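Structural characterization, general
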Amino acid sequence: MDEQAFPRAISQQSQSKKPKTLIILAVFLILLGALLFVGSRFLTTQSENNDADNEKAAPTAVIAPSDTPAPSEEPTATPKKETAPTKTVSPTEAAKTTTTSSSVDKATGLDRASLTVSIQNGSGVAGVASKMSTVLKDMGYVIGSTGNADNFDYTNVTIQVKSTKSKYLPILKKDIAATYTVGDATATLASGSADAVIIIGK
């Protein structure tokens, strides 16, 4: 092989390697560009999702303008007043206090909570016993039971109180007469679980 042919062979080999190297470099750059593009899109999407989550999780407070001017000077601290220790009241004591104050008749001093009342429906109209039960309960009476009377032929309201609780008859009659028409009111109730029986008529 002569000396001129050797450099020519090397030159041909290097020329044939150049296109391969350029092609590999071009493919590498394209792949790198594609990876960077996909990565930037992924990061942008993640950032948008995080921003949306942050907006949902922590809404910003909107401060509305006020007509009241802001103070120009810092307020001076006012000395704290010493407060007297408060007395804690148990729930049972609170219930007794509420019951006593609202259920006691001011004129006679009698406590309505000491009278157990049974209410009976003698009119045949559904719900009248329950309605009167609510009215009397609000006044402080203890409701023993509600139900139907022996018949539905009663007119007005009939009140029967045990003789031992006869002092409550005027109060009970007055309280019921504020809402209902009272017919008979006697202190002749036979022994039973209730101190008074009220029969609601038509």
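Residues numbered from 1 in each chain as written. Predicted model: local features only at pLDDT ≥ 70, side-chain atom pairs only at ≥ 80, totals over all residues. Heavy atoms only, no water.

1. What about the pattern of salt bridges?
All chains considered together, the criterion is met by three salt bridges. One salt bridge in this structure joins Arg 112 and Asp 105, with 3.3 Å as the shortest N-O distance. You can call Asp 105 buried: its relative accessible area is 5%. Overlapping salt bridges bring together Asp 105, Arg 112, Lys 174 and Asp 175 as one network. (Salt bridge = Lys/Arg side-chain N within 4 Å of Asp/Glu carboxyl O. Buried < 20%, exposed > 50% of the residue type's maximum accessible area, 1.4 Å probe, protein only.)

2. Structural notes on the confidence of the model for the protein
Residues with a pLDDT of 70 or more make up 65% of the protein, whose mean pLDDT is 77. Here residues 89–101 scores under 50 on pLDDT; set against residues more than four positions off or in separate chains, the count is four contacts. (pLDDT = per-residue confidence, 0-100. Contact = heavy atoms within 4.5 Å.)

3. Re helix α3 (residues 128–139)
The end-to-end C-alpha separation of α3 is 17 Å, in line with the 16 Å expected for 12 residues at 1.5 Å each. Val 128, Ala 129, Met 132, Ser 133 and Leu 136 are the residues of α3 that are buried. All buried residues of α3 lie within an arc of 135° about the axis, which places them on one face of the element. Along α3, exposed side chains directed more than 90 degrees from the buried face belong to Lys 131, Lys 137 and Asp 138. Of the surrounding elements, those touching the buried residues of α3 are β1 (116–121), β2 (142–148), β3 (157–162), α4 (169–177) and β5 (196–200). (Helix = DSSP H or I, 4+ residues; strand = E, 2+ residues; numbered from the N terminus. Expected span 1.5 Å × (residues − 1). Arc of directions from axis to C-beta.)

4. Focus on the sheet that holds strand β4 (residues 182–189)
Across the sheet, five strands lie side by side as β2-β1-β5-β3-β4; this open sheet has mixed pairing. Of all the strands in the sheet, the pair left with one neighbour each is β2 and β4. Going from strand to strand, the sheet's axes swing by 15° on average, the running direction of each strand aside. As paired elements, β1 and β2 share six bridges and run parallel to each other. Looking across to β2, one finds that Val 117 is bridged to Ile 143. (Pairing = 2+ DSSP bridges. Axes fitted to C-alpha atoms, helices over the stretch in contact; angles between N-to-C directions.)

5. Details of α4
Along an α-helix, a turn takes 3.6 residues, which lines up residues three or four apart on a common side. Every buried residue belonging to α4 is among Leu 169, Ile 171, Leu 172, Asp 175 and Ile 176, and all of these are buried. For α4, the angular spread of buried residues about the axis comes to 165°, placing them on one side. Contact partners of the buried residues in α4: α3, β3, β4 and β5.

6. Notes on unusual backbone geometry
If you check the backbone angles, Asn 156 has positive phi at about 55° while not being a glycine. Looking at the element boundaries, Asn 156 is found in the loop between β2 and β3.

7. So, the pairing of β4
When β3 meets β4, the two strands line up parallel, connected through four bridges. Directly across from Lys 162, in β4, lies its bridge partner Leu 189. Handedness of the crossover joining β3 and β4 through α4 is recorded here as right-handed. (Right-handed = clockwise from strand over helix to strand, strands pointing away.)

8. Observations regarding the environment of Asp 138
Note that Asp 138 resides in helix α3. Looking at Asp 138, the relative accessible area reads 63%, which means it is exposed. In this structure, the C-alpha to C-alpha distance between Asp 138 and Ser 102, residues 36 residues apart in sequence, is 8.8 Å.

9. Some words on a nonpolar patch on the surface
Taken together, the side chains of Leu 25, Phe 28, Leu 29, Leu 32 and Leu 36 make up a nonpolar region of the molecular surface, amounting to roughly 500 Å² of accessible area. Along the chain, Leu 32 turns up in helix α1 (residues 5–57). With a relative accessible area of 37%, Leu 32 lands in the partly exposed category. (Patch = residues over 30% accessible without salt bridge, like charges linked within 9 Å, V, L, I, M, F, W, Y side chains within 5 Å. Areas by Shrake-Rupley, 256 points an atom, 1.4 Å probe, with all protein chains shown as cover.)

10. Describing the side chain of Asn 121
One can find Asn 121 in strand β1. Overall, the relative accessible area of 5% leaves Asn 121 in the buried class. At 3.1 Å, the side chain of Asn 121 and the backbone nitrogen of Gly 124 are in polar contact. Reaching out from Asn 121, the side chain makes a polar contact with the backbone oxygen of Val 125 at a distance of 2.7 Å. (Polar contact = N/O pair within 3.5 Å; in protein donor to acceptor, adjacent residues only side chain to side chain.)

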